[in-house]
Amino acid sequence: MRSTEEGDAFDGEASNTSMISGASSPYQPTTEPVHSRSMFWGLRFDMDYLKSYFGLLKVVEVLSLIGFICIETIMRCSPCGGIYFFEFVSCTAFVVTGVLLFIFCLNLHTKVPQINWNLTDLANTAASTIFFFLCSLVLAIVNHSTGAEIAATFFGFLVTFVYAVNTFLAVRRWRRGNNSQGGAQGSEYMRARTASRGEMEARPDLA
């Protein structure tokens, strides 16, 4: 009987010891999220941005490269001013928008908070809307009715519409950010003013 009791006591001590050692073990299961494999040198590919309205619009805007390719297939032109203008605008818009898409998808803009990225995006989309409309209009008026010019004109007006929608959404986001910032500054001013008034009432000798 005594050996049985000693065995039970030993089992209890062993279970307690295992519980204590398990609690102090550094290899405990954790609820912290596992980093995605897309992490590379501290960079993370933001799929949420790519699935957002701004991300999808930028993907479509990058397709302005198609218009640039159509223009590049033209071997002869006279006059060539409209073609050169469309070529410059489509190439510039593709490069700038592609760089911004790369920056936003990798969250690189969070590492440079000194730049107002919302305003930068707004300036790019507004300028691209205006210049794409102008170069597409010029190409539609001055062309030789070739398939490449017609395709480039079509893609030019299509990208113009996409840039216009992006500009509208960017303006709304920029205004919303300014309003929230102004409201925060106003509430902070009111708190400071209330605190100073409370100090004046607490110390009437300062009045």
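In the nomenclature of an unreviewed UniProt entry, the chain corresponds to MARVEL domain-containing protein from the organism Periophthalmus magnuspinnatus.

Draft legend 1. Broad picture of the pattern of salt bridges. According to the stated counting rule, one finds two salt bridges in the structure shown. Between Lys-58 and Asp-121 there is a salt bridge whose closest N-O contact spans 2.7 Å. Of the two residues, Lys-58 is situated in helix 3 (residues 53-62) and Asp-121 in helix 6 (residues 117-141); the sequence distance between them amounts to 63 residues. Across the pair Asp-121 and Arg-173 runs a salt bridge, and its minimum N-O distance is 3.0 Å. Within this pair, whereas Asp-121 is found in helix 6, its partner Arg-173 is found in helix 7 (residues 147-202), the two being separated by 52 residues in sequence. On the basis of relative accessible area, Asp-121 is assigned to the buried category, the value being 0%. Salt bridges sharing partners connect three or more residues here, namely Lys-58, Asp-121 and Arg-173.

Draft legend 2. Local environment of helix 6. Given a rise of 1.5 Å per residue, 25 residues ought to cover 36 Å, and the 36 Å separating the end C-alpha atoms of helix 6 matches this to within 8%. If you check which residues of helix 6 are buried, you get Trp-117, Asp-121, Leu-122, Asn-124, Thr-125, Ser-128, Thr-129, Phe-132, Cys-135, Ser-136 and Leu-139.

Draft legend 3. View of the packing of helix 3 against helix 5 (residues 81-105). Packing of helix 3 against helix 5 leaves a shortest axis separation of 9 Å and a crossing angle of 150°. As for the relative orientation of helix 3 and helix 5, their crossing is left-handed in sense. Side by side, helix 3 and helix 5 meet where Gly-55, Lys-58, Val-59, Glu-61 and Val-62 of the first sit next to Phe-94, Thr-97, Gly-98, Leu-100, Leu-101 and Phe-104 of the second. Taken together, the residues that form the contact of helix 3 with helix 5 break down as six nonpolar, three polar and two charged.

Draft legend 4. Looking closely at the nonpolar core. In terms of nonpolar packing, the biggest core is built from 14 residues, with Ile-71, Phe-86, Phe-132, Leu-139 and Ala-152 touching the most fellow members. Apart from residues no more than four positions distant in its own chain, Leu-139 is found in contact with Ile-71, Gly-82, Ile-83, Phe-86, Glu-149, Ala-152 and Thr-153. In terms of nonpolar packing, the next biggest core, distinct from the first, is built from ten residues, Leu-101, Phe-104, Trp-117 and Leu-122 among them.

Draft legend 5. Main features of the layout of surface pockets. Each pocket or cavity is described by its volume, and for the largest pocket that value is around 160 Å³. Lining the largest pocket we find Tyr-49, Phe-104, His-109, Pro-113, Ile-115, Asn-116, Trp-117, Asn-118 and Arg-173. Here the lining of the largest pocket is composed, by residue class, of five nonpolar, three polar and one charged.

Draft legend 6. A look at the packing of helix 5 against helix 6. Direction vectors running N to C along helix 5 and helix 6 enclose 155°, while the axes themselves pass 9 Å from each other. Between helix 5 and helix 6, the angle falls in the class roughly antiparallel. Between helix 5 and helix 6 the crossing geometry is left-handed. Only Trp-117, Thr-120, Asp-121, Asn-124, Ser-128, Phe-131, Phe-132, Leu-134, Cys-135, Ser-136, Val-138 and Leu-139 of helix 6 make contact with helix 5, whose side of the interface consists of Gly-82, Ile-83, Phe-85, Phe-86, Val-89, Ser-90, Ala-93, Val-96, Thr-97, Leu-100, Ile-103 and Phe-104. In terms of residue class, the contact of helix 5 with helix 6 is made up of 16 nonpolar, seven polar and one charged.

Draft legend 7. Local environment of helix 5. Here helix 5 spans 36 Å end to end across 25 residues, near enough to the 36 Å set by a 1.5 Å rise per residue. Looking only at helix 5, the buried set comprises Gly-82, Ile-83, Phe-86, Val-89, Ser-90, Ala-93, Thr-97, Leu-100, Leu-101, Ile-103, Phe-104 and Cys-105.

Draft legend 8. Region of the structure containing unusual backbone geometry. The residue Asn-107 is not glycine, and still its phi comes out positive at about 60°. Turning to its location among the elements, Asn-107 is positioned in the loop between helix 5 and helix 6. On the accessibility criterion, Asn-107 (14% relative accessible area) is buried.

Draft legend 9. The confidence of the model for the chain, seen in detail. In this model, the chain carries a mean pLDDT of 77, and residues with pLDDT of at least 70 account for 66%. The secondary structure element of the chain with the lowest average pLDDT is helix 1 (residues 2-24), at 47, and the one with the highest is helix 6, at 94. Low confidence marks residues 12-27, where pLDDT is under 50. Its contacts with residues over four positions away, or in another chain, come to two contacts. Across residues 31-37, confidence stays below pLDDT 50; counting only partners more than four residues off in sequence or on other chains, it has zero contacts.

Criteria and cut-off values
Residues numbered from 1 in each chain as written. Predicted model: local features only at pLDDT ≥ 70, side-chain atom pairs only at ≥ 80, totals over all residues. Heavy atoms only, no water. Salt bridge = Lys/Arg side-chain N within 4 Å of Asp/Glu carboxyl O. Helix = DSSP H or I, 4+ residues; strand = E, 2+ residues; numbered from the N terminus. Buried < 20%, exposed > 50% of the residue type's maximum accessible area, 1.4 Å probe, protein only. Expected span 1.5 Å × (residues − 1). Axes fitted to C-alpha atoms, helices over the stretch in contact; angles between N-to-C directions. Left-handed = near helix turned anticlockwise from the far one by under 90°. Contact = heavy atoms within 4.5 Å. Nonpolar A, V, L, I, M, F, W, Y, C, P; charged D, E, K, R; others polar. Core = buried A, V, L, I, M, F, W, Y, C linked by side-chain atoms within 4.5 Å. 1 Å grid on protein atoms, 1.4 Å probe; cavity = no way out; pocket = protein on both sides within 12 Å on 5 of 7 lines; lining within 4 Å. Points joined across faces, edges and corners; volume = space filled by probe spheres on them. Parallel < 35°, antiparallel > 145°, perpendicular 65-115°, else oblique. pLDDT = per-residue confidence, 0-100.

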